[in-house]
Amino acid sequence: MALVNPEFAAEITKYGAGDFKACFNCGNCTATCSLSTTENSFPREMIRYSTLGLEDHIKASLKPWECYYCGECSAQCPRQAKPGELMMSLRRWLTAQYDWTGLSGLLYKSLTLSLTAFVLVLAGVIVFASSVGFELEKMVRIGHYFEMIAIGSVSLFILLPNIIRMWWFVIGKPKVKVPIKSYFIALGDLFVHMFTQKRYLGCDDNQFRWFEHFILVIGYLTLLITTVFLDWFSATNLFIIVLGYMESLVIFVVTVDFVLDRIKKKKEVSKNSQPSDWFFVVGLVLLGFTGFLVRLFIDFKILEQNSWIYLIHLMVLVQWALIIVPFGKWTHFMYRSFAMYMAKLKVSF
Amino acid sequence: MKERIGVYICHCGGNISDYVDVEELGKMFHEQDGVIISKDVMFACADSNQKAMVKDIEEHQLDAIVVASCSPKLHLHTFKNVASRAGLNPTNYVQVNIREQCSWPHSDKPREATVKAAGLIRAGIHRVSHSESLDNIEISVTKAVLVVGAGVSGMKAAIDLARLGNEVFLVEKDYFVGGRIAQNEKLFMSGQKGKDVVTALYKEMKTLKNITLFTGASVDKVSGSLGNFHVDVKVKPRFINGKADKQVVKQAMEECPVYIYDEFNLGLAKRKAIYKNYPEALPDVPVIDAEALKDESDFKAKYASVFNFNEQEEVLSLIVGSVLITTGYDSYQPKVGEYGYKMLPNVLTLPEFKRLMELSPEKLIYNDQQIKKIAFIYCVGNRQTKGPNKYCSRQCCTSTIYTSLQLKEKYKDITAFHLYRDIRTYGKQEILYDQSSKQGDFYFKFEEKEAPVVEQKGKSLVLKFKDYLTAKMPLEVEADMVVLVTGMVAREDSVRISEHFKIPIGNDKFFNEIHPKLKPVETVIKGVYIGGSCQGPKNISESVQSSLSAAAKINALLKSGTVSIDPVIARVNGDACTWCGKCAEVCDYTAIKEVDSDGKRIARVNKAICTGCGICAPVCPVNAIEIAQYTDLEIESMIDGFMEAVEIKEREISTEVAEDTNAVTMKEYPQLWKNILQTMNGIKKSIPEVADELAEDKDIVTYHMMTMNKYSVVMAAGMDDKEEYYYYKIKNQ
Amino acid sequence: MTQDQKKPKILVFSTDKISDPGIDQAGLRKIHYAPSVYVISLPCSSGVKPRWIMHALEKGFDGVFIAADGHECSYSSKCAEHTNQIILDSQALMTAKGISPKRIRMAALCSVCAEPFASHMENFSKILSNLDSTKD
Ligand code: SF4
Ligand code: SF4
Ligand code: SF4
Ligand code: SF4
Ligand code: SF4
C-alpha cells in the first residue's frame with residue numbers, strides 16, 4: 001500500500017514543474033513520446049507518481065533520465081499539463097535526492113542562495129588573488145593545481161558518493177538482483193552514452209540537436225583533458241595549443257547557439273528556462289570564451305600586461321568547479337549516462 | 001367488404017425489386033380480389049406517385065388502398081395522408097412491409113422472397129377489404145391543469161401554462177415550494193443561489209392570477225380521464241393563525257422552547273417546533289409541529305394568538321383536463337455501513353455535505369474537527385451492475401466537482417480527493433472538471449468490483465483502493481471526511497402517484513414515458529404527462545426543458561377545448577357480453593366499467609381512457625370484446641392470405657444482371673429523375689449545374705443523382721475544370 | 001419444390017413499438033432467416049387471441065411465435081404474465097385438437113434484437129422440423 005502524499009506536488013513545483021496536476025491521464029504524452037516503449041512507458045506514469053507523491057517510486061525509477069526533453073509530449077497534452085517540463089523537474093529533484101550534501105536541492109530551489117554562493121566564491125577568488133598580490137605567474141600555477149585538486153576531490157567526495165546513492169535508490173533499496181558480471185558488461189554502454197548521448201537520436205526531428213550536444217560533450221571533455229593534464233596554458237607544443245583553441249571555440253559556438261535558443265524560446269525545450277539552466281549554459285560560454293582569450297593573450301604575449309583576463313577566467317573556472325559541476329546541472333550529464341548503465345543492469349538478469 | 005382496392009407495389013429504387021419480382025407481383029392481383037388498380041412503382045413515396053395515387057382514388061373511386069413498400073414505421077403516415085387528401089378515410093389504408101421484412105432479410109433467396117411478398121400483399125388486401133372507416137374520437141376538455149410538485153420543474157411549467165391561459169393548480173407536498181434546489185447553496189454552471197431561483201419563480205407565480213398553489217398538499221384520489229380528471233387534493237393544516245400579528249409570530253418562533261429534527265437540513269441542524277425551512281422560505285407562513293408542542297402549555301398560553309390548533313385537514317376537489325407530474329427524485333440513501341456510512345463519524349452523503357457547507361460560513365467544522373482533507377466517493381448507489389440502480393444519475397459528477405470548487409473558494413485550505421468510476425461532466429460542464437484538476441484536486445479511478453474500503457485511523461479516515469490510473473496500484477488516502485456521492489433514485493411515494501394516475505413505472509422505479517425519443521414527456525395515460533427528474537435522472541436545465549416541453553404539449557392538447565383521439569380502441573359487443581368482469585380486471589387503466597344497457601349488465605369501454613392495447617380481448621370467455629383494426633375478421637383473413645398458393649414464374653434474368661439493366665427498364669422514374677435526365681439530355685452536367693437549372697435544392701439533387709448512379713441510370717463523366725465536382729451523363733447514351 | 005419451401009411455416013405476432021422494429025432491423029442489416037416466416041404486428045403481445053393461433057395452425061402454419069415485449073411493454077407491467085396466460089390457453093386448445101403444444105413459442109424481443117430474432121426463428125424451425133419428422 002502506498003500512501004498518497006498531497007504535499008509532494010508543491011515540492012516538485014519548486015523545481016520548476018508546471019501545472020502537471022491538470023493531467024487527466026489521457027496518455028497522449030506517452031503515446032507521442034518517441035523514446036517511450038511498451039515495457040518502459042513514460043511520461044504519464046511519472047506524472048501520476050508525482051501527483052500522488054509516491055517519492056520512493058520516483059526515486060527507484062530511471063525514467064526521468066530516459067527523457068531527453070524534446071517537448072513533444074508537452075505540445076500534445078490536451079490539458080497543458082507540461083509533462084516534458086515535469087520530467088525535467090524530476091531530474092532536478094532526483095539530482096537533489098542523490099546529492100548527499102543536500103546542497104543541490106537548496107541551490108535548485110532558491111535563486112538567492114545560488115547567487116549568494118556565486119558571490120561568495122567570487123569573493124574567495126579575489127581574496128586569493130590579492131593574497132598573492134595579483135601576480136600572474138602565481139595565479140596561473142595555483143590555478144592549475146586548483147583544477148587538479150578540484151577534479152579529484154569533487155569526484156571522490158561528491159560525485160562518487162552520489163552515484164552510489166543513486167545506485168542504492170534504484171537497485172539496492174528495491175532489491176533488484178544484478179549479477180556481478182553485468183556490472184562489467186554494462187560498462188560499454190556507460191561510455192557509449194557518456195560520449196555520444198546516443199539516445200537523443202531516438203527523438204524525432206532532433207538530429208541537429210543531438211549533433212550539437214555530441215560535439216559539445218566531446219569538446220568539453222577534451223578541453224578538460226587539454227587544460228588539466230596537457231596543461232594547455234603552459235604548453236609549447238603547437239598541436240596542443242591548436243587543439244585547445246579548437247575545443248574552446250567549439251564549446252563557445254555551440255553554447256552560444258543554446259543561449260540564443262533559450263532567449264528566442266521557439267522550441268518547446270527552450271521555453272522553460274530555470275536559473276540552473278542559465279547558469280549552466282552561461283558558465284560554459286564563459287569558460288570557453290575566457291579560456292580562449294587567455295591562451296590568445298599568451299600567444300600574443302600580452303597576458304603579462306593584462307593579467308585581469310586570467311583572473312576572470314579563474315573566477316569562471318572556480319564557480320564551475322565548485323558549484324556547477326558538483327551541485328548544478330553538470331551532473332545531469334553524469335547521471336544520465338549512469339542511468340543508461342543502471343537500466344542495462346536492471347534488465348541484464 | 002371493400003371492392004375497389006388500389007394496390008401499389010414499390011421497387012424502392014431496387015431495394016425491393018433487386019430481390020423481389022415486383023413487376024410480376026404488379027400483375028398478380030385482379031378484380032376477383034377486389035383490386036381495381038395494381039401498379040408497380042419506382043418510388044411509392046415520391047411526390048409524383050403520391051399525386052398519381054390521389055388521382056387514381058378519385059378517378060376510380062377506390063374505397064381502400066394497399067401500399068407494399070418499406071416498414072410502416074417510415075411511411076404509414078405519408079400514405080394515410082395521401083388517402084385523406086383524396087377524401088378516403090385513412091383507416092382504409094394498409095401498408096405491407098416487403099422491404100425490411102421481405103426483400104432485405106431474404107435477399108439470399110429472391111424467388112422465395114417473391115413468394116413471400118405475394119402472400120404478404122394478399123394478406124394486406126384481405127385486411128384492407130375488411131377495414132372499417134373509423135373517425136377520430138372527439139372529447140371535450142377542461143382548460144385546467146394539475147401540476148404535482150412545486151420544484152423548479154413544476155413551478156416553471158405552471159408559469160408557462162398559466163401564461164398561455166390555462167387554469168393551473170400546483171400541488172406541493174412540503175409546506176414550502178422549491179423542492180431540492182433550495183437545498184443547494186449554489187447551482188452549477190450559473191453559480192446562482194438555489195434559494196434565489198426559488199424566490200424568483202415564486203414571485204413570478206404570484207403575478208399570475210390563474211395559478212393556485214397548495215402547499216402541504218397531496219393527491220388523494222383520482223378518477224375520470226383525459227379532458228376531465230377529477231382529483232381530490234388533501235391539504236394538511238399548518239396550525240397557525242393566519243391573522244396573527246407577524247411580529248408576534250416572529251417572537252414566538254424565537255422563543256419556542258422545543259427543537260425538532262430538521263428535515264430540510266437533513267438532520268445536520270435542529271429546528272424549532274414553529275419553523276420555516278429556511279428564513280426566506282416561501283410561502284412566508286411558518287408551520288407548527290403541534291405534536292412537539294403538546295406539553296408546552298405555558299408557551300402555548302403565552303402565544304395563544306399565534307396558534308390555531310383546531311385547524312383541520314381539508315380535501316379539495318378539482319376538475320382538470322390534464323395532469324403534469326413533476327414530483328422529482330429522492331437522493332439515494334446509503335445502507336448503514338456502506339462505505340462506513342452511519343458507522344464512522346465523518347462519513348456524509350453529498351446532499352448532507354452540501355447542507356453542512358451552507359451551515360458553515362467561516363470554517364468547515366464537523367464533530368468538533370476542522371475538515372481540511374475531503375475524499376469524495378462517486379457513483380454511490382448508482383451504476384450498480386448487480387443492484388437495481390443500473391443507471392447513471394448524470395448530474396452528480398458535475399455537482400461534486402462544482403462542490404469541490406466551492407470548497408476551495410470558501411475555505412481556501414482544502415485538499416479534495418475524488419475517487420471516481422468515470423467522470424461524466426458532459427457538454428459545457430467539462431470546464432468545471434478542468435478547473436478542478438487545475439486547482440489541484442486529486443482524481444483516482446476505481447472499479448465497482450474493487451470498491452474503496454473506508455476505515456477509521458485515529459482522527460482521520462483512511463480509504464484503501466486500487467487506482468486504475470496508476471496501473472491498479474493499491475493506494476491509501478487519508479482524509480478528515482468522506483463524502484458519498486449519492487445519485488438519484490425514484491421518490492419513495494412514486495408508487496402511490498403511479499397508482500393514482502395509472503402511469504407505468506420502469507424497472508428503475510422512475511416513471512416511464514411512451515418513447516424516449518418520439519414521445520419523451522407523454523405517458524400511456526392520455527392527458528397525463530411527466531416532466532423533470534421524476535422520469536429519470538436529470539440536471540436542473542434538463543428537468544426544466546422536459547417539464548416545459550410537457551407544458552407545451554398540454555397547452556396544445558387543451559387549446560381548442562376538444563381533443564381528438566385515435567379510434568383504435570376496444571369495443572364491446574353488448575349482445576354477447578355477460579359482464580363477467582374479466583376484461584375490467586386485466587385492464588391496467590380501468591378503462592372498462594360495468595354499465596346497464598336496457599336492463600342488462602354489460603361492460604363498457606371509456607373511449608377517453610382506452611389505449612387500444614388489446615389486453616382485454618383474449619381474456620373474454622365469450623369473445624365479446626375486440627380492438628378496432630385488429631378484429632378477428634381482419635387478422636384471420638390475413639392468415640388466410642399468407643397461406644393462399646401463389647404461382648410465380650421464374651424470373652428470366654439473374655439478379656446480378658438485373659442490377660445493371662433493371663433501372664433502364666423501369667416503367668416509371670420519379671418525376672425528379674425525369675427532370676434531371678431531361679436537363680442532361682446528351683450533355684454531361686455537374687450536380688450544381690443540374691440543381692441550378694431545375695431550381696432544386698442541391699442536397700436533394702445529390703441524393704437522387706447518387707441513387708441514379710447506383711442504379712446505373714447515370715454515370716460519372718470526369719471532373720469539372722476546378723476539380724470540384726463530378727460531371728454525370730446518362731448511361732447508354 | 002425446392003428444399004427451402006419445405007421449411008416450416010411460422011407465423012410471428014410482433015408488437016408495433018418494440019419487437020417489430022427489432023425484426024425490421026434484422027432486415028435492415030440483411031440478417032437472413034427463412035422466407036417462410038410471416039409477421040403480423042399488434043399493439044401489444046398480450047392482445048393475441050388464442051383463436052387466431054388456432055386459426056393459423058389449422059390453416060397450415062407449422063408454428064406460432066409470439067415476439068413479446070416482456071418488461072419493456074409500455075402498456076402493462078404485467079404484460080409477460082398476460083402473454084404467458086395466452087400461451088397456456090392456446091396450448092390447452094391445441095392439445096384438445098391433437099396439436100403438439102410445442103408448436104407455440106414465446107420470447108421477449110427488444111427493438112434492436114435483430115440477431116436474437118433470426119436465431120429464434122432458426123431454433124423454432126428446427127423444433128418444428130423435428131416434430132414433423134417424428135410424426136412421419
Ligand atoms: S497528455 Fe497531458 S493530460 Fe494526457 S496523460 Fe499526458 S500529461 Fe496527462
Ligand atoms: S520530453 Fe520528449 S522524451 Fe521527454 S517524455 Fe516528453 S516526449 Fe518523451
Ligand atoms: S454522474 Fe458521475 S457520479 Fe453520478 S452516477 Fe454518473 S458517473 Fe456516477
Ligand atoms: S384495450 Fe382493453 S385492456 Fe387495453 S386499455 Fe383498452 S380496455 Fe383496457
Ligand atoms: S370479458 Fe367479455 S363477457 Fe366478460 S365483461 Fe368483458 S366483454 Fe363482457
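Small disclaimer: the values here were computed from a predicted structure and weren't measured. (Residues numbered from 1 in each chain as written. Chains lettered and ligands numbered in written order. Predicted model: local features only at pLDDT ≥ 70, side-chain atom pairs only at ≥ 80, totals over all residues. Heavy atoms only, no water.)

Peer 1: Would you mind showing me how to read the overall build of chain A here?
Peer 2: Looking only at helices and strands, chain A has 17 helices and one strand in total. In terms of C-alpha radius of gyration, chain A reaches 21 Å, essentially the compact-globule figure of 20 Å for 349 residues. Oriented by its inertia axes, the alpha-carbon framework of chain A measures out at about 65 × 45 × 35 Å. Burial statistics for chain A: of 349 residues in total, 54% are counted as buried. Just so you have it, chain A exposes about 15,800 Å², and 69% of that area is on carbon and sulfur atoms. Of the side-chain charges in chain A, 33 are positive and 26 negative, and the distance between the mean point of each set is 6 Å. (Helix = DSSP H or I, 4+ residues; strand = E, 2+ residues; numbered from the N terminus. Rg over C-alpha atoms; globule rule 2.2 N^0.38 Å. Buried < 20%, exposed > 50% of the residue type's maximum accessible area, 1.4 Å probe, protein only. Areas by Shrake-Rupley, 256 points an atom, 1.4 Å probe, with all protein chains shown as cover. Lys, Arg positive; Asp, Glu negative; His and termini not counted. Charge placed at Lys NZ, Arg CZ, Asp CG, Glu CD.)

Peer 1: What exactly am I supposed to notice about the overall build of chain C here?
Peer 2: Secondary structure assignment for chain C yields four helices and four strands. In terms of overall size, chain C behaves like a compact globule, its C-alpha atoms giving a radius of gyration of 14 Å where 136 residues would be expected to give roughly 14 Å. In chain C, which comprises 136 residues, the share counted as buried stands at 57%. Restricting to contacts in chain C with at least 6 residues of sequence separation, those with at least 24 account for 77%. By element, 52% of the accessible surface of chain C is carried by carbon and sulfur atoms, the whole surface being about 5,800 Å². Each charge class in chain C was averaged separately, 16 positive and 14 negative side chains, and the resulting centres sit 5 Å apart. (Contact = heavy atoms within 4.5 Å.)

Peer 1: Before we go on, may I ask you to explain the interface of chain C and chain B in this structure?
Peer 2: By a frequent convention, interface size equals the accessible area lost on bringing the separate parts together. Each partner contributes residues to the interface: chain C has 48 residues there, and chain B has 43 residues. Across the contact surface, chain C and chain B share seven salt bridges. Here chain C is connected to chain B by 22 residue pairs in polar contact (both at pLDDT 80 or more). Where the side of chain C that touches chain B is concerned, the elements lending two or more residues are β1 (10-15), α1 (19-28), β2 (37-42), α2 (50-59) and α3 (79-96) of chain C. The residue makeup of the side of chain C that touches chain B, split by class, is 23 nonpolar, 14 polar and 11 charged. (Salt bridge = Lys/Arg side-chain N within 4 Å of Asp/Glu carboxyl O. Polar contact = N/O pair within 3.5 Å; in protein donor to acceptor, adjacent residues only side chain to side chain. Nonpolar A, V, L, I, M, F, W, Y, C, P; charged D, E, K, R; others polar.)

Peer 1: Any chance you could explain the side chain of Asp232(B) here in plain terms?
Peer 2: Residue and element names in this part refer to chain B. Tracing the backbone shows aspartate 232 in strand β10 (residues 228-235). Buried within the structure, aspartate 232 lacks any salt-bridge partner; its nearest side chain of opposite charge belongs to lysine 221, at an N-O separation of 4.0 Å. A distance of 2.9 Å separates polar atoms of two side chains, one belonging to aspartate 232 and the other to serine 317. Filtering out sequence-adjacent residues up to four positions away, aspartate 232 remains in contact with Ser218, Val219, Asp220, Lys221, Val315, Leu316 and Ser317.

Peer 1: Got a minute to help me understand the pattern of salt bridges in this structure?
Peer 2: Where charged atoms from two side chains of opposite charge come close, those side chains can pair. Residues and elements named next belong to chain B. The final tally for this structure, using the stated rule, is 56 salt bridges over all chains. Lysine 302 is the salt-bridge partner of glutamate 255, the closest N and O atoms lying 2.7 Å from each other. With glutamate 255 in helix α8 (residues 246-255) and lysine 302 in helix α9 (residues 297-302), this pair connects stretches of sequence that are 47 residues apart. Residue classification places lysine 302 among the exposed residues on the basis of a relative accessible area of 55%. Here arginine 394 ties to glutamate 542 by a salt bridge, and the two come within 2.6 Å at their closest N and O atoms.

Peer 1: It is not clear to me how the state of the cysteines should be interpreted in this structure. Could you clarify?
Peer 2: As used in these notes, a disulfide is a covalent bond between sulfur atoms, one from each of two cysteines. All names here are of chain C. Scanning all chains against the criterion turns up one disulfide over all chains. A disulfide bridge connects cysteine 110 with cysteine 113, and the sulfur atoms are separated by 2.4 Å. The chirality of the disulfide connecting cysteine 110 with cysteine 113 is right-handed, given an S-S dihedral of about 110°. We classify cysteine 110 as buried; its relative accessible area is 18%. Looking at cysteine 79, it has no disulfide partner, and the nearest cysteine sulfur is the one in cysteine 73, 3.8 Å off. For cysteine 79, a relative accessible area of 0% translates into the label buried. (Disulfide = S-S within 2.5 Å.)

Peer 1: Would you mind going over the environment of Cys379(B) with me for this structure?
Peer 2: All names here are of chain B. Within the secondary structure layout, cysteine 379 lies in strand β21 (residues 373-380). Given the relative accessible area of 13%, cysteine 379 is considered buried. Distance from cysteine 379 to lysine 80, taken between C-alpha atoms, is 48 Å for residues 299 residues apart in sequence. Contacts of cysteine 379, omitting those with residues within four sequence positions, involve Arg421 and Val485.

Peer 1: Looking at this structure, I do not really get the environment of Arg127(B). What am I missing?
Peer 2: Residue and element names in this part refer to chain B. Assignment of secondary structure puts arginine 127 in helix α5 (residues 110-129). As for arginine 127 and alanine 83, which are separated by 44 residues in sequence, their C-alpha atoms are 16 Å apart. Excluding anything up to four places from it in sequence, arginine 127 contacts Val94, Gln629, Tyr630, Glu634, Ser637 and Met638.

Peer 1: Can you walk me through the interface of chain B and chain A in this structure?
Peer 2: Tallying the contact residues gives 23 residues for chain B and 19 residues for chain A. Buried area between chain B and chain A, summed over both chains or domains, comes out near 1,800 Å², and the portion from carbon and sulfur atoms is 60%. Ranking the residues of chain B by area buried against chain A places Lys438(B), Phe442(B) and Glu476(B) at the top, with a combined share of 30%. Here chain B and chain A share two salt bridges between them. Salt-bridge contacts for Asp467(B) lead to Arg48(A); the nearest nitrogen and oxygen are separated by 2.8 Å. (Buried area = accessible area lost by both parts, 1.4 Å probe.)

Peer 1: Would you take a moment to explain the sheet that holds strand β3 (residues 64-69) of chain B for this structure?
Peer 2: Pairing between sheet strands relies on hydrogen bonds along the backbone, with the strands arranged either parallel or antiparallel. Residue and element names in this part refer to chain B. Read from one edge to the other, the open sheet built from four strands follows the order β2-β1-β3-β4, with strand pairing classed as parallel. In this open sheet, the two strands that pair with only one neighbour each are β2 (35-41) and β4 (93-97). Neighbour-to-neighbour, the strand axes of this sheet turn through a mean angle of 15°, independent of strand direction. Where strand β1 (residues 5-10) and β2 come together, six bridges link them in parallel fashion. By the bridge assignment, cysteine 10 is partnered in β2 with valine 41. Sitting on the sheet, helix α3 (residues 72-85) touches β3 and β4, and the angle it makes with β4 is about 150°. (Pairing = 2+ DSSP bridges. Axes fitted to C-alpha atoms, helices over the stretch in contact; angles between N-to-C directions.)

Peer 1: Please explain the site of ligand 5 as it appears in this structure.
Peer 2: What surrounds ligand 5 is the set Cys577(B), Thr578(B), Trp579(B), Cys580(B), Gly581(B), Lys582(B), Cys583(B), Ala603(B), Cys620(B), Pro621(B) and Val622(B). For the shell around ligand 5, a count of residues per class yields eight nonpolar, two polar and one charged. (Near = heavy atom within 4 Å.)

Peer 1: Looking at this structure, I do not really get the packing of helix α11 (residues 396-411) of chain B against helix α12 (residues 430-438) of chain B. What am I missing?
Peer 2: Two quantities define a packed helix pair, namely the angle between the helix axes and the distance between the axes. Residue and element names in this part refer to chain B. Interhelical geometry of α11 versus α12 gives an angle of 40° and a closest axis separation of 9 Å. The orientation of α11 relative to α12 falls into the category oblique. Relative to α12, the crossing made by α11 is left-handed. In this structure, α11 uses Thr398, Ile401, Tyr402 and Leu405 to contact α12, whose residues at the interface are Leu432, Tyr433, Gln435 and Ser436. Tallied by class, the residues present in the contact of α11 with α12 amount to five nonpolar, three polar and no charged. (Parallel < 35°, antiparallel > 145°, perpendicular 65-115°, else oblique. Left-handed = near helix turned anticlockwise from the far one by under 90°.)

Peer 1: Just to check I follow, could you spell out the side chain of Lys538(B) for this structure?
Peer 2: Residues and elements named next belong to chain B. Following the sequence through the fold, lysine 538 ends up in the loop between β29 (528-530) and α14 (540-558). No salt bridge is formed by the buried lysine 538. Its closest oppositely charged neighbour is glutamate 513, at 6.4 Å. A polar atom in the side chain of lysine 538 sits 3.1 Å from the backbone oxygen of glycine 532. Of note is the side chain of lysine 538, whose polar atom sits 2.8 Å from the side chain of glutamine 535. The contact partners of lysine 538, leaving out residues within four places of it in the chain, are Gln395, Met488, Gly532, Ser533, Ser543 and Ser546.

Peer 1: What am I meant to see in the domain arrangement of chain A here?
Peer 2: Residues and elements named next belong to chain A. We note that the domain assignment places domain 1 (8-98) and domain 2 (103-347) within chain A. When each unit is reduced to the centre of its C-alpha atoms, the spacing between domain 1 and domain 2 is 26 Å. Contacts between the two partners involve 29 residues from domain 1 and, on the opposite side, 35 residues from domain 2. Here domain 1 packs against domain 2, burying approximately 3,000 Å² in sum over the two surfaces, 60% of which is carbon and sulfur. The interface formed by domain 1 and domain 2 contains three salt bridges. For aspartate 277, the salt bridge is made with arginine 92, and the minimal N-O distance between the two is 3.2 Å. (Domains from an automatic or database assignment.)

Peer 1: What exactly am I supposed to notice about the sheet that holds strand β8 (residues 211-214) of chain B here?
Peer 2: Residue and element names in this part refer to chain B. With parallel pairing, the five strands of this open sheet are ordered in space as β8-β7-β6-β16-β29. In this open sheet, the two edge strands, each paired with only one partner strand, are β8 and β29. Mean inter-strand twist for the sheet, computed between neighbouring axes without regard to direction, equals 20°. As judged from the five bridges shared by strand β6 (residues 144-148) and strand β7 (residues 167-171), these two strands associate in the parallel manner.

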